[in-house]
Amino acid sequence: MSKGLMVLGTCSDAGKSIITAGICRILHSEGYRVAPFKAQNMALNSYITEDGGEMGRAQVVQAEACKIKPDVRMNPILLKPSSDNGSQVILHGKVVDNNNARQYYSKKDYYAKEALKAYKALAADYDVIILEGAGSASEINLRDKDIVNMGMARMADVPVIIVGDIDRGGVFGSLVGTMQLFTEEERKRVKGFIINKFRGDLSILEPGLRELENITGVPVIGVVPYMDIDIDEEDSLSSHIKAEASSDKLIDIAVPRLPRISNFTDLNALRQINEVNVRYVTSSKNFGNPDLVVIPGSKNTMDDLKWLRASGIEAQILKHASKKMPVFGICGGFQMLGERLDDPLGVEAGGSMRGMGLLPVETTFEGEKITRATEGMLDNVGGIFSNLSGQSYKAYEIHMGRSTTDKNIINNGNVYGTYFHGIFDTVDNVKVIIDALLRTKGMDDKDLEIVDMQQYKDRQYDILAEGMKKSLNMDLLHDIIKNQ
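Residues numbered from 1 in each chain as written. Predicted model: local features only at pLDDT ≥ 70, side-chain atom pairs only at ≥ 80, totals over all residues. Heavy atoms only, no water.

(A) Here's a closer look at the packing of aromatic side chains. In this structure the tally under the stated criterion is 11 aromatic pairs. What links up through ring pairs into an aromatic cluster is the set Y104, Y105, Y110 and Y111. Just above the ring of Y226 sits the side chain of R199; from NZ or CZ to the centre is 3.7 Å. (Phe/Tyr/Trp six-rings, centres within 6.5 Å; stacked < 30°, edge-to-face > 60°. Lys NZ or Arg CZ within 6 Å of the ring centre and 35° of its normal.)

Here's what the structure looks like:
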């Protein structure tokens, strides 16, 4: 019979996703068949599985830590915000609805049953399931609607550990307060605390740990230090955002920081190159004079295009393109570069609007979402990046709109567009991009180190697991999992 462990947090960004990934990698290294699970995720940064299902990237990261393929059962419900008060609802990998919060919660019982069904199916295939909660575990106003925190722990009947973030301060109060807001039944389910993101002398913290244990009756499993690791965590861009160009870098890449930016992980491979500066631009004032502009994906292409216009960044992109400098649009960014966007069904903003007019395509938003994994060879690529022709790719598509082209990459001189997420993840494709940019600067003899992203990510999971094993009482953690 499969065992389970729920990882909850005192707040958003306490590090639940990373701690879950670390536990997954530790258990995998010990020979367990382990898988992650999160009943309900809210994120714009999603992923498409091999069979075309859509799921949150946090559970993809955790699946990678387990060295298994992502499976929509790991994240049965994904909510993708499409406006300030509405979200697209994805169930078992497929779009089923668009709801505001009240509409969604009115169907809570149905979604709870579907989440539990996915959990049981997943648990039948693995030795251990590590469940992750969402946000704060003690939102008492949502207790009767909860299907992702204590509500899911109760349905799956698994023990709980709580992660507190000491880096933001008040970790003891957060943990004690969280316990106080739980019901008696919920408190009994909590078997341990993990203090996360610690910097400093652990001996100074020790008295507080013992008092925390005395007050709550819950043991501290360990204190995880602030680690220098690079692992994707939900929609957080904070550690990667830079607005200004760096004078000591050979190549400067500007990325508009769209309000509803999605799948920004497309830029990770470029960001790993030491001589490349990838910066997120929020104003025309810090647009600068980049060597390449990449317009990323968006959950609401039309609204984000309006933002580009209002911010003055669109004008800067048009000026950049007029100087024969390269622009690359991915998914929603590709749609923006076209001549026209039509939304007759009101999938996004409704109505029609002109695009930037840099690519000879028109896009129509339709009710059915395209989600598919794809691989093959890039063909008929011209301009500065013509050496991409003949290169292999393994990518995925995730978009509502359909555009008037059947090419995997379309270009008009120095402007490029594609629906493919992930084409920058291969070393060869990144090398083509970088070499082409260097040639425009008269530096074609440079031999830059380009990171193999799969190897890089795998090493990051190992570093995380090694750091956590040194910091946690692993005997206690194993006992919590086994004795349920």
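(B) Spatial organisation of the sheet that holds strand β8 (residues 94-99). Strand order in the open sheet formed by four strands is β3-β6-β7-β8, and the pairing between neighbours is mixed. Whereas interior strands pair on both sides, the edge strands pair on one side only; in this sheet they are β3 (40-42) and β8. Adjacent strand axes in the sheet meet at a mean angle of 25°, parallel and antiparallel pairs treated alike. Here three bridges tie β3 to strand β6 (residues 77-81), and the two strands are oriented parallel to one another. Bridge pairing links M42 to L79 in β6. Packed on one face of the sheet, helix α4 (residues 108-123) meets β6, β7 (87-91) and β8 and runs near 40° to β7. (Pairing = 2+ DSSP bridges. Helix = DSSP H or I, 4+ residues; strand = E, 2+ residues; numbered from the N terminus. Axes fitted to C-alpha atoms, helices over the stretch in contact; angles between N-to-C directions. Contact = heavy atoms within 4.5 Å.)

(C) Representation of unusual backbone geometry in the model. Although it is not a glycine, K67 sits at a positive phi angle of roughly 60°. With respect to the secondary-structure elements, K67 resides in the loop between α2 (57-66) and β6. Although it is not a glycine, K324 sits at a positive phi angle of roughly 65°. Considering the arrangement of structural elements, one finds K324 in the loop between α11 (313-322) and β18 (327-330).

(D) How the structure looks around the environment of D71. In this fold, D71 is placed in the loop between α2 and β6. Separated by 35 residues in sequence, D71 and P36 place their C-alpha atoms 9.6 Å apart. With near-sequence residues (within four places) excluded, D71 lies in contact with T49 and M55. Polar contacts involving the side chain of D71 include one to the side chain of R73, which spans 2.8 Å. (Polar contact = N/O pair within 3.5 Å; in protein donor to acceptor, adjacent residues only side chain to side chain.)

(E) A look at the sheet that holds strand β16 (residues 292-295). In space, the six strands of this open sheet follow the order β15-β13-β16-β18-β24-β23, with mixed pairing throughout. Looking at which strands have only one partner, the edges of the open sheet turn out to be β15 (276-281) and β23 (410-412). Shown here is a sheet whose adjacent strand axes are inclined to one another by a mean of 20°, direction ignored. Across four bridges, the pairing between β18 and strand β24 (residues 415-418) is parallel. If you follow G329 over to β24, its bridge partner there is G417. Against the sheet, α11 contacts β13 (251-256), β15, β16, β18 and β24, and its axis sits at roughly 135° relative to β16.

(F) Inspection of the nonpolar core at higher detail. One finds I253, I317, F328, M356, F385 and I434 to be the most contacted residues of the largest nonpolar core, which totals 67 residues. If sequence neighbours within four positions are ignored, F328 has contacts with L292, V293, V294, I295, L337, F385, I409, Y416, T418, I423, F424 and I433. Formed by 50 residues, the second largest nonpolar core is a distinct cluster that contains A63, L122, V160 and L175. (Core = buried A, V, L, I, M, F, W, Y, C linked by side-chain atoms within 4.5 Å. Buried < 20%, exposed > 50% of the residue type's maximum accessible area, 1.4 Å probe, protein only.)

(G) Main features of the pattern of salt bridges. Summed over the entire model, instances satisfying the criterion amount to 36 salt bridges. Between D109 and K108 there is a salt bridge; the shortest N-O distance is 3.1 Å. On the accessibility criterion, K108 (22% relative accessible area) is partly exposed. Among the ionic pairs, K117 bridges to E114, the shortest N-O distance being 3.1 Å. (Salt bridge = Lys/Arg side-chain N within 4 Å of Asp/Glu carboxyl O.)

(H) Examining the side chain of H320 more closely. Checked against the element boundaries, H320 lands in helix α11. Residues in contact with H320, not counting those within four places in the same chain, are F287, P290, D291, L292, V293, M325, P326 and V327.

(I) Highlighting the pairing of strand β19 (residues 340-343). Sheet topology places β19 next to strand β20 (residues 351-354); four bridges connect them, and they run antiparallel. When the sheet's bridge partners are listed, D343 is paired in β20 with G351. In this structure, β19 lies alongside strand β21 (residues 362-377), joined through three bridges in parallel fashion. Bridge pairing links L341 to T363 in β21.

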